Amino acid sequence: MASEDSSIMDKLDTVVPAQVSKFDAFPKIPSTYKSRSESRGFMTLFIALLALLLMLNDVAEYIWGWPDQEFSVDNDRMPYMGINVDIVVAMPCQYLSVDLRDAVGDRLMLTGTLRRDGATFDTEQASHFTAHSQALSVEEAVAQSRKSRGFFA
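## Points about the overall build of the protein
Here comes step 1: Counting its secondary structure elements, the protein contains six helices and two strands.
Here comes step 2: Listing the helices and strands of the protein from first to last along the sequence gives α-α-α-α-β-β-α-α.
Here comes step 3: A total of 153 residues make up the protein; the buried ones form 1% of that total.
Here comes step 4: Once local pairs closer than 6 in sequence are excluded, the contacts in the protein between residues at least 24 apart make up 17%.

The following block contains the structure:
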């Protein structure tokens, strides 16, 4: 009956050699080597609380975010704002129009002020591009780019 009452740890203690049971992987530091500080861990608690607050602040900013809006008046007085857009379209110029809507919702019909420059589309240019692409393979292009890296090659 006594063997039934003993725990598995007691059974293991009888099997384990004495040298192994006396071994301490993490020995305690002698008390003469230790000295308590005056603050007694208050600084540790303060730093831990501060780290927790900073972490919670970052998590809250990530989840909810805080909008940062800044408005100012533009003091530059210009009668117009120049916008240059270069677009090549394969269609007759007379069919092109430009209608804009700004952030306020005002529509600007700018077709009359649009400067149209005609462009010719010929198939010879396309054949020049295909001939050029066949002149240099992908492997050769990569090899040339690696050679031309200079100092960081």
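## A word on helix 4 (residues 42-63)
Here comes step 1: Over its 22 residues, helix 4 extends 31 Å from the first C-alpha to the last, a length consistent with the 32 Å expected when each residue adds 1.5 Å.
Here comes step 2: One or two steps after helix 4, the chain reaches Gly65, where phi turns positive at roughly 65°.

## Things to note about a nonpolar patch on the surface
Here comes step 1: A cluster of nonpolar side chains, namely Leu49, Leu52, Leu53, Met55, Leu56, Val59, Tyr62, Ile63 and Trp64, defines an oily patch on the protein surface of about 1,000 Å² accessible area.
Here comes step 2: Within the secondary structure, Leu53 sits in helix 4.

## Observations regarding the layout of surface pockets
Here comes step 1: When its volume is computed, the largest pocket comes out at roughly 1,000 Å³.
Here comes step 2: Together, 28 residues line the largest pocket, and Val85, Asp86, Val98, Leu114 and Arg115 are the ones closest to its centre.
Here comes step 3: Of the residues in the lining of the largest pocket, the class split is 17 nonpolar, five polar and six charged.

Criteria and cut-off values
Residues numbered from 1 in each chain as written. Predicted model: local features only at pLDDT ≥ 70, side-chain atom pairs only at ≥ 80, totals over all residues. Heavy atoms only, no water. Helix = DSSP H or I, 4+ residues; strand = E, 2+ residues; numbered from the N terminus. Buried < 20%, exposed > 50% of the residue type's maximum accessible area, 1.4 Å probe, protein only. Contact = heavy atoms within 4.5 Å. Expected span 1.5 Å × (residues − 1). Patch = residues over 30% accessible without salt bridge, like charges linked within 9 Å, V, L, I, M, F, W, Y side chains within 5 Å. Areas by Shrake-Rupley, 256 points an atom, 1.4 Å probe, with all protein chains shown as cover. Salt bridge = Lys/Arg side-chain N within 4 Å of Asp/Glu carboxyl O. 1 Å grid on protein atoms, 1.4 Å probe; cavity = no way out; pocket = protein on both sides within 12 Å on 5 of 7 lines; lining within 4 Å. Points joined across faces, edges and corners; volume = space filled by probe spheres on them. Nonpolar A, V, L, I, M, F, W, Y, C, P; charged D, E, K, R; others polar.

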